[in-house]
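Architecture and fold: a report
Listed here are the chains, written in short residue letters.
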Amino acid sequence: MQLITCPWCGPREELEFHYGGQADVRYPDNPQELTDEQWGHFVFFRDNPKGPFAERWVHSAGCRRWFIAIRDTRTHQFLSVHRIGEDQPQIPEATR
Amino acid sequence: MSSTTATAADPPGADLPEHPDFLWHNPEPKRSYDVVIIGGGGHGLATAHYLVRNHGITNVAVLEKGWLAGGNMARNTTLIRSNYLWDASAAIYEHALKLWEGLEDDLGYPILFSQRGVLNLAHTEQDVRDSVRRVEANKLNGIDAEYLGPDDVAKICPILNVSDDIRYPVLGATYQPRAGIAKHDYVAWGFARRADAGGVDLIQDCEVLDFVTEGSVEDGAAEGTARVTGIRTTRGDIACGQVALCAAGHTSTLLDRLGVRTPLQSHPLQALVSELLEPVHPTIVMSNAVHVYVSQAHKGELVMGAGVDSYNGYGQRGAFHIIERQMAAAVELFPIFARAHLLRSWAGIVDVTPDASPIVGRTPYANVLVNSGWGTGGFKVTPGLGWCLAHTIATGELHPLIEPFALDRFVTGALVDEHGAAGVAH
C-alpha cells in the first residue's frame, strides 16, 4: 500500500482510490465520420507504456473527485498529480 | 491421480523428483534463424518444442531477456482446467488439457501433473445460474463438468466452510474432475530440454531492443507487405525468417517498437504461498465472488491467488490491500487456514485485453505472429498454444483453434468475451 496525494485532500492511503486508466482519452469530435477501425481504437485501444504514464484516479473514499497522475509503471511511483484542466507537470523525457 | 495422503515416513514432497544434472546448452546466438521466438517462458518453449516435434523445424532461436521461464512461468499458480463457457475458449483449453494428460511421456520428464479437480464456487443466485449454464456448455463441448450442491462440495473438499452463516455462503459449485496442477518449473524445463535436444538455441540474457524492418507499417506500408528482417538484441543483431512474440506482459512494449497498437494492458497479478503444511487440501477451490483461489502444492505450501491489481504496472509486485482482501476471503472459506503463516508473495505481469480473451495470430507485419493477452490464464494453455502456434509457423495457415482470437475482432465487433465465462473475475 502506498500514499497517493489527492490534489484536493492531500496524501491518503491507496485503498481510498480507484483507477481510471489512461488520461485524456477524448470523445471524437466527429463521431459520425469515424471508420470502424477508428471507433475500435477509440473504445478499446489504450497506451501501455513501461515508464511514466498519465492516468486518471478518483479519490472515491474521500472527495470523490477525479484527477490526473503521472505514475511510473515500472516502480508504481507517483511522479506528480494534478487537477483535470491544469497543465501537466513536465516529466523529463530521459525517464521514459 | 495425485497422492494426497502421506505418512511420517513419506512426508509431503518426498516423491518430488531430483533436479536433473543437465538441463540445456547455453549457446551463442547465430546471426540468422528461420524462426525467432521472443520470450523464453512456457509459451515460447512449448512453441519451440512442437516446431521440432511436429514439424521438424529446428533452425529456431528462443530469445529470453532474463533467464528461461523466470517471468510469469515462475510466478504462476499452476492451475490447469478447461471449463470455459465460450466454445472457442473451451476448444483450445481442452486441446491443451488433453496434451497435459500425455505431456510427461511426450517430454520424457516429470511434470507432476496431478488431476485433483477444480471447484468453482457459486455464492449468489446469479452465480448459481451462471455456473449451471457453464456446466451445460462444457458438456456440449465434451468437457467433464458437473454442478454440485453444498453437501457434495463438502464431500470433495471437507475443509471448505459450507455453513450458511458466513457472509457469502457456498450455494454450490461447478466441478471439473480432470482439472489439476503441474509443477511449473518442471514443465518449462521439460519443454526446454526437449527443444534444446532437438537443436533449438535457447538464448538467455538476450533482450530485444528493436526490430529491423522492410517496409514499415508506421510509414504507411500496405498490410502484408511489411516484414521484420532482423532483431536488434543486447547480444547483437539476429536475422529472422519468421518471428513469434511470446513475451506475455511485455508484448505491447515490443509491438510499440513496430508501431502496432493493441488493446493490451499490463497489470501485476499477485500470488502467495503459505509455509509447508501436511496435506489438507485435496482439490483446487476457486471463488469469483470473494475472489481467492487455493490449491496445495506437492511440497505442501498452500498456493493462493487473487485478481489483478487495478492499475497498469511492470513492477512485479502489487498492493498490500489486495493480499489483505484475498486472505480475508481465504480464511472465511477455510477456517483451518487461520493460523497458517505466509512465506512469500510476488506478482507476475499479465497482459489483459478488454474481453479477457487472448490475442493470437497475424500482425500487420507479414512474418510476425503475436501471442498475447492470456491475462491470468496463460499457464494452463501452454502445450495447446505451443501446438497451435508451431502449426501456424510451420504451415503458414492459422491453426483453427487460434483463429477466433485475432486482433481484428476489436474492430469487426466479433468479441470473444470470456470475462463472465473464464471462472475468474478479472
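Residues numbered from 1 in each chain as written. Chains lettered and ligands numbered in written order. Predicted model: local features only at pLDDT ≥ 70, side-chain atom pairs only at ≥ 80, totals over all residues. Heavy atoms only, no water.

Under an unreviewed UniProt entry, the name given to chain B is Sarcosine oxidase subunit beta, and the source organism is Pseudonocardia autotrophica. In the Subcellular location (unreviewed entry) part of its UniProt record, chain B is described as follows: "Cytoplasm". Reading the Sequence similarities (unreviewed entry) entry of the UniProt record for chain B gives the comment "Belongs to the SoxB family." (UniProt positions renumbered as here; feature names shortened; annotations may be inferred.)

The name an unreviewed UniProt entry assigns to chain A is Sarcosine oxidase, delta subunit family, from the organism Pseudonocardia autotrophica.

Further remarks concern the interface of chain B and chain A. The accessible area lost on association of the parts is a frequent measure of interface size. With 28 residues of chain B at the interface, the matching set in chain A holds 22 residues. Between chain B and chain A, the buried area comes to about 2200 Å², and carbon and sulfur atoms account for 54% of it. The largest per-residue losses of area from chain B upon contact with chain A belong to Arg261(B), Tyr311(B) and Tyr314(B), which jointly make up 28% of the total buried on that side. Our count for the chain B to chain A interface comes out at one salt bridge. (Contact = heavy atoms within 4.5 Å. Buried area = accessible area lost by both parts, 1.4 Å probe. Salt bridge = Lys/Arg side-chain N within 4 Å of Asp/Glu carboxyl O.)

Residues and elements named next belong to chain B. The domain architecture assigned to chain B consists of domain 1 (32-82 + 85-94 + 101-106 + 184-263 + 355-412) and domain 2 (114-178 + 266-352). Just the C-alpha atoms count here: the centres of domain 1 and domain 2 sit 29 Å apart. Taken together, both faces of the contact between domain 1 and domain 2 bury some 2300 Å²; the carbon and sulfur share is 52%. Three residues stand out in domain 1 for area buried against domain 2, namely Arg75, Thr77 and Leu85, and they jointly supply 28% of the buried area on that side. Here Arg178 makes a salt bridge to Glu101, at a shortest N to O gap of 3.0 Å. For the pair domain 1 and domain 2, the interface holds 14 residue pairs in polar contact (both at pLDDT 80 or more). Taken together, the elements giving at least two residues each to the side of domain 1 that touches domain 2 come down to α2 (72-75), α3 (87-107) and α7 (251-257). Among the elements that line the side of domain 1 that touches domain 2, the one with the most residues is α3, at four residues. Classifying every residue of the side of domain 1 that touches domain 2 gives six nonpolar, twelve polar and five charged. (Domains from an automatic or database assignment. Polar contact = N/O pair within 3.5 Å; in protein donor to acceptor, adjacent residues only side chain to side chain. Helix = DSSP H or I, 4+ residues; strand = E, 2+ residues; numbered from the N terminus. Nonpolar A, V, L, I, M, F, W, Y, C, P; charged D, E, K, R; others polar.)

All right, on to the confidence of the model for chain B then. Averaged over chain B, the pLDDT score is 93; the fraction of residues at 70 or greater is 96%. Confidence estimates for the predicted assembly give a pTM of 0.94 and an ipTM of 0.93. (pLDDT = per-residue confidence, 0-100.)

So, about the packing of α3(B) against helix α6 (residues 184-197) of chain B. Residues and elements named next belong to chain B. One can describe the packing of α3 onto α6 by two numbers: an axis separation of 10 Å at closest approach and a directional angle of 45°. Comparing the axis directions of α3 and α6 gives the class oblique. The handedness of the crossing between α3 and α6 comes out as left-handed. Contacts between α3 and α6 pair Trp100, Leu103, Asp106 and Leu107 from the former with Val187, Gly190, Phe191 and Arg194 from the latter. Of the residues in the contact of α3 with α6, the class split is five nonpolar, one polar and two charged. (Axes fitted to C-alpha atoms, helices over the stretch in contact; angles between N-to-C directions. Parallel < 35°, antiparallel > 145°, perpendicular 65-115°, else oblique. Left-handed = near helix turned anticlockwise from the far one by under 90°.)

On to the packing of aromatic side chains, then. If you walk through the whole model with that rule in mind, you get 19 aromatic pairs over all chains. Their ring planes at 40° and their centres at 5.9 Å tell us that Trp57(A) and Tyr311(B) sit as a pair that is tilted. Of the two residues, Trp57(A) sits in strand β4 (residues 52-58) while Tyr311(B) sits in the loop between β15 (301-308) and α8 (320-333), which places them in two different chains. On the basis of an interplanar angle of 10° and a centroid distance of 4.0 Å, the ring pair of Tyr84(B) and Tyr93(B) is categorised as stacked. Classification of Tyr93(B) by relative accessible area gives buried; the value is 5%. Aromatic ring contacts, followed pair by pair, group Tyr19(A), Trp57(A), Phe78(A) and Tyr311(B) into a single cluster. (Phe/Tyr/Trp six-rings, centres within 6.5 Å; stacked < 30°, edge-to-face > 60°. Buried < 20%, exposed > 50% of the residue type's maximum accessible area, 1.4 Å probe, protein only.)

We now examine the nonpolar core. Residues and elements named next belong to chain B. Counting 54 residues, the largest nonpolar core has Ile37, Ile92 and Trp100 as its most contacted members. It is α3 that provides the largest number of residues to this core, a total of nine residues. Among residues more than four places away in sequence, those in contact with Ile37 are Gly44, Thr47, Ala48, Leu51, Val60, Ala61, Val62, Leu63, Ala244 and Cys246. Counting 29 residues, the second largest nonpolar core, distinct from the first, contains Ala61, Leu245, Leu255 and Leu407. (Core = buried A, V, L, I, M, F, W, Y, C linked by side-chain atoms within 4.5 Å.)

This paragraph deals with the pattern of salt bridges. Two side chains that carry opposite charge are able to pair once their charged atoms sit near each other. All names here are of chain B. By the definition in use, this model includes 16 salt bridges over all chains. Glu136 is the salt-bridge partner of Lys139, the closest N and O atoms lying 3.7 Å from each other. In this pair, Lys139 and Glu136 are both assigned in helix α4 (residues 125-140), three residues apart and thus about one turn of the helix distant. Residue classification places Glu136 among the partly exposed residues on the basis of a relative accessible area of 40%. For Lys299, the salt bridge identified is with Glu301, shortest N-O distance 3.8 Å. Under the relative-accessibility criterion, Glu301 is labelled buried at 8%.

Below, the discussion takes up the sheet that holds β15(B). Whether parallel or antiparallel, the strands of a sheet pair through hydrogen bonds between backbone atoms. Residues and elements named next belong to chain B. Sheet architecture is open: eight strands sit in the order β5-β6-β4-β13-β14-β15-β12-β16, paired in mixed fashion. Strands with a single pairing partner mark the edges of an open sheet, and in this sheet they are β5 (146-148) and β16 (342-352). Pairs of neighbouring strands in the sheet enclose a mean axial angle of 20°, with direction left out of account. (Pairing = 2+ DSSP bridges.)

Attention shifts here to the sheet that holds strand β3 (residues 18-22) of chain A. Residue and element names in this part refer to chain A. With antiparallel pairing, the four strands of this open sheet are ordered in space as β3-β4-β5-β6. Only two strands of the sheet have a single neighbouring strand rather than two, namely β3 and β6 (78-83). The average undirected angle you get between the axes of adjacent strands in this sheet is 30°. Bridge count for strand β5 (residues 66-72) against β6 is five bridges, and the pairing is antiparallel. Across the sheet, the residue bridging to Ile68 is His82, located in β6.

A word on helix α1 (residues 42-55) of chain B. Residues and elements named next belong to chain B. A rise of 1.5 Å per residue sets the reference length of α1, with its 14 residues, at 20 Å; its end C-alpha atoms lie 19 Å apart and thus fit the reference within 8%. Those residues of α1 that sit buried are Gly42, His43, Gly44, Leu45, Ala46, Thr47, Ala48, His49, Tyr50, Leu51 and Val52. Two residues or fewer past α1, Gly56 is found with a positive phi of approximately 65°. (Expected span 1.5 Å × (residues − 1).)

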